[in-house]
Amino acid sequence: MKRWVGATAAAMVTLAALGMQQSSAQSSRTIRIIVPFAPSGSADLLARVLQAPLGKELNQTIIVVNRAGAGSNIGTAEVARAAADGNTLLLTTSAFVVNPAMYETIPYDPFKDFAPVAALPTAPNIFVVMANAGGGINALSSVIATAKADPQKLNYASPGHGTTPELTMELLKLKAAIEITNISYSGGGPAMQALMTRTVDILSIALPVVQSQVQGGTMKGIALTTTQRWPSLPNVPTFTELGFPDITLATEHFLLAPAATPPDVIARLTKAVLTVAAQDAFKERVRQIGYDPISGGPELAKQWIARDVPFFKELVKNAKIPQIK
């Protein structure tokens, strides 16, 4: 009997030690957050604000990896195919739910290939021009008037096909009956550089990418997709007050894991993300940059995805935007 008790105790100690080793191994592994856009876009900025506090909460090292290309499809597909162990995550934008409408085929299924971890802060979209832009392009009314007078004259930068900044401009073109040529870039950073180097006339972008430039006077905001003026940009009018109440698209952000990731791993990640998102310092930081600090768990992310995929399919169809092959 003593031998049995001793053996059982030894086995329990061994199992406990193994459990501690497995837990230690899991917490010591590096988490990669894949951002499927070039640096300095809204998803990249948000990932880097989240990086340090989330790593502290999880007691794991977190690195942010940019995998730009094909309107975010390359980086998104990489995560869909990654090991489902919680160590490779996707932080993406509304492109995730728009691309099923924008492309004839995409290398992922938004409903089947991912397990949502969290819905993250959203960002309004904004039209900006250089503050000293020539040609009188300094307000939405002058953009529309110029485009009507010469449909071939103006072009604009967007941070990629399938992004809500692109669709915001396409909506304006539809409702104002104008033509402005779209030049699509691989993320918010390159699109912003295109405006700063005068490669394009107008930039349609998520607010966090350019808020500091607008506040500093380098760029001028001419229309914002919020229903009310943004507190830190009181001089930038909204599309609603400029006569376009239907142009209210925001850039959403999702944190996603590969579909087969175990529920307990998802729960651990979600708890850590929502703990960080509830911190006053985090909320204040994202507000300062230009995000609405809304956040929620997997159910909210699922609700957004279920709502948005059919919404954008209808929007792209009505706007007569040709699909990308």
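Refer to the structure printed above.
Residues numbered from 1 in each chain as written. Predicted model: local features only at pLDDT ≥ 70, side-chain atom pairs only at ≥ 80, totals over all residues. Heavy atoms only, no water.

What follows concerns helix α10 (residues 280–289). Among all positions in α10, only Phe-282, Val-286 and Ile-289 are buried. Buried residues in α10, looked at end-on, bunch into an arc of 60 degrees, giving them a common side. Within α10, the exposed residues directed more than 90 degrees away from the buried face are Asp-280 and Ala-281. On its buried face, α10 sits against α2 (42–58), β4 (114–130), α8 (207–216) and α9 (263–277). Downstream of α10 by one or two residues, Gly-290 has phi in the positive range, about 130 degrees. (Buried < 20%, exposed > 50% of the residue type's maximum accessible area, 1.4 Å probe, protein only. Helix = DSSP H or I, 4+ residues; strand = E, 2+ residues; numbered from the N terminus. Arc of directions from axis to C-beta. Contact = heavy atoms within 4.5 Å.)

On to the pairing of strand β2 (residues 62–66), then. Pairing of strand β1 (residues 31–35) with β2 involves five bridges; the strand directions are parallel. What sits directly across from Arg-32, in β2, is Ile-63. (Pairing = 2+ DSSP bridges.)

Tallied over the entire structure, the rule returns ten salt bridges. Salt-bridge contacts for Asp-44 lead to Arg-48; the nearest nitrogen and oxygen are separated by 2.9 Å. With Asp-44 and Arg-48 both in helix α2 and four residues apart, this pair spans about one turn of that helix. Overall, the relative accessible area of 3% leaves Asp-44 in the buried class. (Salt bridge = Lys/Arg side-chain N within 4 Å of Asp/Glu carboxyl O.)

Negative phi values dominate among residues other than glycine, just as trans dominates among peptide bonds. The phi angle at Asn-59 is positive, at roughly 60 degrees, despite the residue not being glycine. Take Asn-59: it is sitting in the loop between α2 and β2. One non-glycine residue, Ala-70, adopts positive backbone phi at about 55 degrees. Along the chain, Ala-70 turns up in the loop between β2 and α3 (73–80).

Of all the 17 residues making up β4, 17 are buried; the element is thus mostly covered by neighbouring parts of the structure. As defined by bridge partners, β4 adjoins strand β9 (residues 250–258) across eight bridges and the pair is classed as antiparallel. Following the sheet pairing, Ala-123 is matched in β9 by Thr-251. As paired elements, β4 and strand β8 (residues 219–224) share five bridges and run antiparallel to each other. Following the sheet pairing, Phe-127 is matched in β8 by Ala-223.

A word on the packing of aromatic side chains. Tallied over the full model, the rule gives seven aromatic pairs. Look at Phe-96 and Tyr-108: their rings are 5.2 Å apart centre to centre, the planes differ by 10 degrees, and that puts the pair in the stacked class. Of the two residues, Phe-96 is situated in helix α4 (residues 95–102) and Tyr-108 in the loop between α4 and β4; the sequence distance between them amounts to twelve residues. The pair Phe-96 / Tyr-108 is uniform in exposure class, with both members buried. Summarising the aromatic geometry, the rings of Phe-311 and Phe-312 are spaced 5.0 Å apart at their centres and angled 75 degrees between planes, so their arrangement reads as edge-to-face. (Phe/Tyr/Trp six-rings, centres within 6.5 Å; stacked < 30°, edge-to-face > 60°.)

Here we come to the nonpolar core. Counting residues in hydrophobic clusters, the biggest one holds 47 residues, and the most contacted among them are Leu-167, Leu-172 and Ile-180. Secondary structure elements with two or more residues in this core: α4, β4, α5 (140–149), α6 (164–176), β8, β9 and α11 (298–318). The element that contributes the greatest number of residues to this core is α11, accounting for seven residues. Formed by 35 residues, the second largest nonpolar core is a distinct cluster that contains Val-49, Leu-50, Leu-120 and Phe-282. (Core = buried A, V, L, I, M, F, W, Y, C linked by side-chain atoms within 4.5 Å.)

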